Amino acid sequence: MPSTCCSTDGTCSTGTVDRAAATDGVTTTYAVSGMTCGHCEATLTKAIGELDGVTGVDVDLATGRVTVSSAAEPDDAVIAEVVDEAGYELTGRA
């Protein structure tokens, strides 16, 4: 996939994965500590978004929550491992 913020339909993106509107799946919100900036947001969006079955990721720095949209119920242990490897701490479902 090319590294660009503009899609083929002429809309621009900030780099977040947000395909949840196009899919009927599961939405799960997690509490994550250690996020403070846009880099944190981008890092988690990319890391979680690369997991199989994940269709969307929304990181809310103000609330410390990460909402994951997926085709099926996510494996909390896998999400926690990816978050931890990225340098943050998943403290549970929000």
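Note that the structure is a prediction, hence the values are computed from the model and not measured.

What counts and what doesn't
Residues numbered from 1 in each chain as written. Predicted model: local features only at pLDDT ≥ 70, side-chain atom pairs only at ≥ 80, totals over all residues. Heavy atoms only, no water. Helix = DSSP H or I, 4+ residues; strand = E, 2+ residues; numbered from the N terminus. Buried < 20%, exposed > 50% of the residue type's maximum accessible area, 1.4 Å probe, protein only. Contact = heavy atoms within 4.5 Å. Areas by Shrake-Rupley, 256 points an atom, 1.4 Å probe, with all protein chains shown as cover. Pairing = 2+ DSSP bridges. Axes fitted to C-alpha atoms, helices over the stretch in contact; angles between N-to-C directions. Patch = residues over 30% accessible without salt bridge, like charges linked within 9 Å, V, L, I, M, F, W, Y side chains within 5 Å. Salt bridge = Lys/Arg side-chain N within 4 Å of Asp/Glu carboxyl O. Lys, Arg positive; Asp, Glu negative; His and termini not counted. Charge placed at Lys NZ, Arg CZ, Asp CG, Glu CD. Core = buried A, V, L, I, M, F, W, Y, C linked by side-chain atoms within 4.5 Å.

Draft legend 1. Spatial organisation of the overall build of the protein. In terms of regular secondary structure, the protein is built from two helices and four strands. Moving toward the C terminus, one meets the helices and strands of the protein in the order β-α-β-β-α-β. Counting over 94 residues, the protein shows a buried share of 31%. Excluding contacts between residues fewer than 6 apart, the proportion of contacts in the protein whose partners are at least 24 apart in sequence is 65%. Accessible surface computed for the protein: about 5700 Å², of which carbon and sulfur atoms make up 51%.

Draft legend 2. Up close: the sheet that holds strand 3 (residues 65–70). As summarised here, the arrangement of the four strands in space is 2-3-1-4, forming an open sheet in which the pairing is antiparallel. The open sheet has two free edges, formed respectively by strand 2 (54–60) and strand 4 (89–93), since each of these has just one partner strand. Direction aside, the axes of adjacent strands within the sheet are offset by 30° on average. One ladder, built from four bridges, connects strand 1 (residues 26–33) with strand 4; its direction is antiparallel.

Draft legend 3. Geometry of a negative patch on the surface. Side chains of Glu-81, Asp-84, Glu-85 and Glu-89 sit close together on the surface and give a patch of like negative charge. The element contributing the most residues to the negative patch is helix 2 (residues 76–85), with three residues. Along the chain, the position of Glu-81 falls in helix 2. Look at Glu-81 and you get partly exposed, because its relative accessible area is 46%.

Draft legend 4. Representation of the nonpolar core. If you look at the biggest cluster of nonpolar residues, it comprises 18 residues, and the most contacted ones within it are Val-32, Met-35, Leu-44, Ile-48, Val-66 and Val-83. A per-element tally of this core places helix 2 first, with four residues. Other than its neighbours up to four places away in sequence, Val-83 contacts Val-32, Leu-44, Ile-48, Tyr-88, Glu-89 and Leu-90.

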